[in-house]
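# Coordinate inspection notes
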Amino acid sequence: MSQPQTRKRTDRLAAPSRHSIQDSAKAQAAEVGAIIQDGITSASWIYPILGVLYLFSHPTLIKPLLPTILKGVALSAAAVVFLFTFTYLPQVGILVFVSGPLAFILAIPLVLSEAYFVVTFFARGFLSGQVGVDLFDAVLLQKGHQTLVENGRQVTDAGGGKAKQLGNLVRKPLAKFSFDNTVRYLITLPLNFIPVVGTVFFLGYNGYKAGPGYHARYFQLKNYSKEQRQAFVHKRRGAYLTFGTMAALLNLVPFVSILMTFTTVVGAALWADDLENNIKVTSNLRGETHKAKTKQAGEVEVVIPEENTEGAKKDL
């Protein structure tokens with residue numbers, strides 16, 4: 001066979017391969033775009049922000065957390081000051097080669113991401129342990145989901161029957177620290193050296209991976225199997241992406257990353273409340289709105305025992 005014929009045959013064989021790669025890339029890009037669009041339209045990204053407002057408007061929830069929050073703020077402040085003092089300018093020096101004068105701005109989220117990692121590592125004992133579970137359950141109780149909460153713990157009357165008090169857990173506590181999340185966060189930190197796009201991808205990727213973890217307690221209370229959890233999350237991939245991304249963004253707020261961790265737990269519980277309501281709703285839109293308003297006005301007062309926070313204080 002002559003050389004020109006061989007080249008033509010090779011080109012014909014290679015052409016489908018190139019087309020298949022392009023088609024695959026387009027399909028994956030379209031899928032990612034659809035997931036992002038679904039996440040934005042789902043409005044799940046608003047729940048971490050609602051968690052901030054809800055926590056500060058409910059003193060009974062925030063009071064048991066104050067000692068932990070204050071120590072967390074001190075730890076976060078120390079980490080931020082230390083890293084900005086000793087690592088900010090060196091990282092600006094690296095970024096200046098790829099982003100020019102913008103390096104002074106783009107180095108800020110990088111340092112804040114590193115500070116959050118340091119704080120998370122040293123405060124890992126309470127970030128998602130007993131305190132987070134208590135907070136999540138308390139919000140669900142306030143929203144009237146006592147039966148759901150009782151799937152995972154005892155609930156007793158308090159204040160002459162006018163309030164509810166969280167009791168002992170009847171299920172194995174959730175893991176306090178996710179090694180996989182920490183390693184993934186650390187490995188993807190260098191993405192922040194890529195101007196703008198790298199930081200966006202860093203937040204989005206970590207948000208996508210960490211998002212479902214904020215509902216670990218919800219899945220536990222629902223008695224979901226591994227397959228049920230996976231199906232539930234897969235159906236709401238976009239929603240968990242935007243929720244996790246907003247949570248990751250709030251964690252970069254200087255000095256209060258620990259507080260933002262707790263407010264995100266509250267936001268996750270508020271989202272779980274809406275998910276439960278959507279499951280039960282059978283009336284029309286007007287009926288749903290009226291029901292929501294009535295329920296909000298009749299929130300249950302919940303008492304979080306002080307002793308439930310002692311373990312967190314010791315860990316910190």
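If you're wondering where the values come from, they're calculated on a predicted model, not measured in any experiment.

Pairing is mixed across the open sheet formed by 3 strands, whose spatial order is β1-β2-β3. Bordering the open sheet on either side are β1 (153-158) and β3 (301-303), each of which pairs with just one other strand. Neighbouring strand axes in the sheet, compared pairwise and without regard to direction, differ in orientation by 35 degrees on average. Bridging between strand β2 (residues 163-169) and β3 involves 3 bridges; their strand directions are parallel. The partner of Q165 across the bridge, within β3, is V303.

Here we come to the confidence of the model for the chain. Per-residue pLDDT for the chain averages 81, and the proportion of residues at 70 or more is 79%. Across the chain, the element-wise mean pLDDT spans from 43 in helix α16 (residues 310-315) up to 96 in helix α2 (residues 47-56). Note on residues 282-297: pLDDT under 50 across the span, and 8 contacts to partners over four residues away in sequence or across chains. Here residues 309-316 scores under 50 on pLDDT; set against residues more than four positions off or in separate chains, the count is 16 contacts.

Our focus in this paragraph is the packing of aromatic side chains. Both the distance between ring centres and the angle between the ring planes are used here to describe each pair of aromatic rings. With the rule as written, the count across this model stands at 15 aromatic pairs. Seen in terms of ring centroids, F82 and F86 are 4.9 Å apart; in terms of plane orientation they differ by 45 degrees. Their pairing is tilted. Here F82 and its partner F86 are both found in helix α4 (residues 66-86), 4 residues apart, which amounts to about one turn of the helix. Residues Y185 and F202 carry aromatic rings whose centres are separated by 5.0 Å and whose planes lie at 65 degrees to one another, so their mutual orientation is edge-to-face. Placement of the pair is Y185 in helix α9 (residues 179-188) and F202 in helix α10 (residues 197-210), with a sequence separation of 17 residues. In terms of burial, Y185 and F202 fall into one category: buried.

Parameters at a glance
- Residues numbered from 1 in each chain as written.
- Predicted model: local features only at pLDDT ≥ 70, side-chain atom pairs only at ≥ 80, totals over all residues.
- Heavy atoms only, no water.
- Pairing = 2+ DSSP bridges.
- Helix = DSSP H or I, 4+ residues; strand = E, 2+ residues; numbered from the N terminus.
- Axes fitted to C-alpha atoms, helices over the stretch in contact; angles between N-to-C directions.
- pLDDT = per-residue confidence, 0-100.
- Contact = heavy atoms within 4.5 Å.
- Phe/Tyr/Trp six-rings, centres within 6.5 Å; stacked < 30°, edge-to-face > 60°.
- Buried < 20%, exposed > 50% of the residue type's maximum accessible area, 1.4 Å probe, protein only.

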